[in-house]
Amino acid sequence: MSRIKILSEEVSNRIAAGEVIERPASAVKELVENSLDAGANEITVVIENGGKKLIRVIDNGTGMSEDDALTAFERHATSKIRTVSDIFNVSTMGFRGEALPSMASVCQMTLITREKDSELATQVEFKSGRLTNISKVSANPGTSIEIKNLFSNVPARKKFLKSDPVEYNHILKYLHYQSIVHFKTGFILIVNCKEKLNYPAAESQDERIKLVLGKKFFSSNRMSLDESRGGMRLYGYISGLEEPEAIYDQHYIFVNGRYIRDKIISHSIRSAYEPFIKKFRMYQQGKLPPYILFLEIDPGSVDYNVHPAKLEIRFRDPGAVHQFIKNVLSNMLLAYEESKYDEIKRRLQVTASQEKGLGDFESRIYNKRVDKRRYQDVRKDLQDVYQPDLFKGKRESDEELLHQVEDESIFRNRRDMLPQEEEIVNPWQLHQSYIFVATEDGALVIDQHAAHERVVYEKLIQRLHGAEARSQKLLFPIVVELPPFMQLTVPQLIEANIAEFEKVGFVIKTFSNNSIVIDEIPAELDNWDGGEIFLEIMRNLEDELNETEDFRDGMAKSVACKSAIKAGRKMSRKEMLALINDLFACEVPFFCPHGRPVIIKLSLTEFEKRFKRIET
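Residues numbered from 1 in each chain as written. Predicted model: local features only at pLDDT ≥ 70, side-chain atom pairs only at ≥ 80, totals over all residues. Heavy atoms only, no water.

Trainee: Can you help me understand the pattern of salt bridges in this one?
Mentor: Side chains that differ in charge, positive against negative, can pair when their charged atoms come close. Considering all chains together, one arrives at 21 salt bridges under this definition. A salt bridge links Glu-146 to Arg-56; the shortest N-O distance between them is 2.5 Å. Residue Glu-146 is located in strand E6 (residues 142–148), and its partner Arg-56 is located in strand E2 (residues 54–59); the two are separated by 90 residues in the primary sequence. Residue class for Glu-146 comes out buried when judged on its relative accessible area of 15%. Classification of Arg-56 by relative accessible area gives partly exposed; the value is 24%. We note a salt bridge from Arg-454 to Glu-458, for which the minimum N-O separation is 3.0 Å. With Arg-454 and Glu-458 both in helix H16 (residues 448–464) and four residues apart, the pair spans about one turn of that helix. (Salt bridge = Lys/Arg side-chain N within 4 Å of Asp/Glu carboxyl O. Helix = DSSP H or I, 4+ residues; strand = E, 2+ residues; numbered from the N terminus. Buried < 20%, exposed > 50% of the residue type's maximum accessible area, 1.4 Å probe, protein only.)

Written out as structure tokens, the structure is:
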């Protein structure tokens, strides 16, 4: 008896659905891209419960006939390709013909479509992959596809879905991507019967970017580029380096109008920035300034069929693409750096015409030449008083110096600062980022940022579970303006979790759709930066909630990350000792809240092996 069987259409469709449809945002993506391919210039997306209960995509595209509407639900039925060569010359968003039958197999689906020349529309209904109804109805030209109860018949897949706000946020991000590149198309998003997003068709891409990301994106630090070479065109915007603490971490890459995540392009961008950003340690930790880049290339040079969701691509000549992007960005950044240097030079330099207008006194000051003396010359002049061993003698301890002073009142406030049992610990910093502490059998290396992040995280967790909140009241309440892409999620996130915000230390009095008012902030938050840090915390929180449904845990991690001592900050011995003591008082001192190591132990044996004092 043969053990190898051909899968039924129902099983194969569900397998395809598992590959193509990961979450509600995946379904929205497939339906919206079909609408774009149909030439729609108005697309409305309606969702309920984060898309888990309902997804409806309505467009004014070309629509379909009854025959096409039925054929569209057959596997690999598509109007986008005809021959093998078409696969390697794709110019549309979709082409495989898997989306509709795959989605229909894991939900209740209703399609209503009408061509412009037809009087009536065709309505087709499916339930769990089975055709249940075909009828004629009245409808506007275009197509409407409705999905109810996604994954209702696949509980194993459904249990992996996140909370409604998280799934909604994924849909929102996708619509942001599409609205930026397809700026001539109007997008509307309705969530639980409320309109959340309305981007009318724009005349230019810049107009749409301002609407999505806000006018602040086009600061003086933003540079536009448009270069063509070797059959490739790269245009868009990159950022300079004057804002190392910029909160906007938008990194958008589009290839032939398709949002993608490509390692080749990402590496070329990082390679271009790297020589210019080494002085900014935060960038060395994996962050880059914001950019929006559009690459146009011959479709025959790109293979889109390497990822189920078409988010990854393969280039025929990746080396040429990498070099092209790197060269364009490097030249742009070099010109930017030189322009900034020239600007500073002009500010400091007195021109010839200005010099002529100077008086005698000013001219003497301006033209005076000061001879720089060398160290050796100064040392010769002072050799009689120079005592190289002046400080080599034994230094009296702080306690001995204290007893020599008759009036000890001036030291009274400093007595608590004197080291006692900590005298045996002598920490020191490496590159103002790592703390070294000698032990009996080696040394401990502590990541100062990760260590402080762990300390703050555990304090915040205790408050979120009942400990007393600690906050610092601002002298004046801060009004934080929300960028457009955050106005759709942040207010409702705060409103739903206002008690948790207060436990952490945030006192938010009032807020509107585009701004919030903050009166108090957590005690640990030193660098408030006029409220900008709050936006960073909210961006981090959205990312954390993608990984966990526990809001309290995500909140604690987000605030702790932004409150912790940054790499690159010089710490005093007292600060290092305090941090070490706080760290070892934690319940989990060896890992940061995100699971990265905080402490590395180097044994004396390892050092001896390195120096060949013992045999390996």
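From this point, the discussion proceeds with the structure in view.
Trainee: Looking at this structure, how should I read the sheet that holds strand E3 (residues 108–114)?
Mentor: Hydrogen bonds between backbone atoms are what pair the strands of a sheet, whose relative direction is either parallel or antiparallel. Taken in spatial order, the eight strands line up as E5-E4-E3-E6-E2-E1-E7-E8 in an open sheet, and their pairing is mixed. Both edges of this open sheet fall to strand E5 (130–137) and strand E8 (194–199), since each of them pairs with a single strand only. Pairwise comparison of adjacent strand axes, ignoring direction, gives a mean angle of 10 degrees for this sheet. Inspection of the sheet shows E3 paired to strand E4 (residues 121–127) by six bridges, in the antiparallel sense. Considered in E4, the bridge of Gln-108 is made with Lys-127. Taken strand by strand, helix H7 (residues 164–181) contacts strand E1 (42–48), strand E7 (186–191) and E8, and its axis lies near 170 degrees from that of E7. (Pairing = 2+ DSSP bridges. Axes fitted to C-alpha atoms, helices over the stretch in contact; angles between N-to-C directions. Contact = heavy atoms within 4.5 Å.)

Trainee: So what exactly am I meant to see when it comes to the sheet that holds strand E20 (residues 507–511) here?
Mentor: In space, the three strands of this open sheet follow the order E19-E21-E20, with antiparallel pairing throughout. Edge positions in the sheet fall to strand E19 (471–481) and E20, since each of these pairs with one other strand and no more. Going across the sheet, the axis of each strand differs from the next one's by a mean of 15 degrees, ignoring polarity. Sheet topology places E20 next to strand E21 (residues 515–522); three bridges connect them, and they run antiparallel. Looking at the pairing, Phe-511 lines up with Ile-516 of E21.

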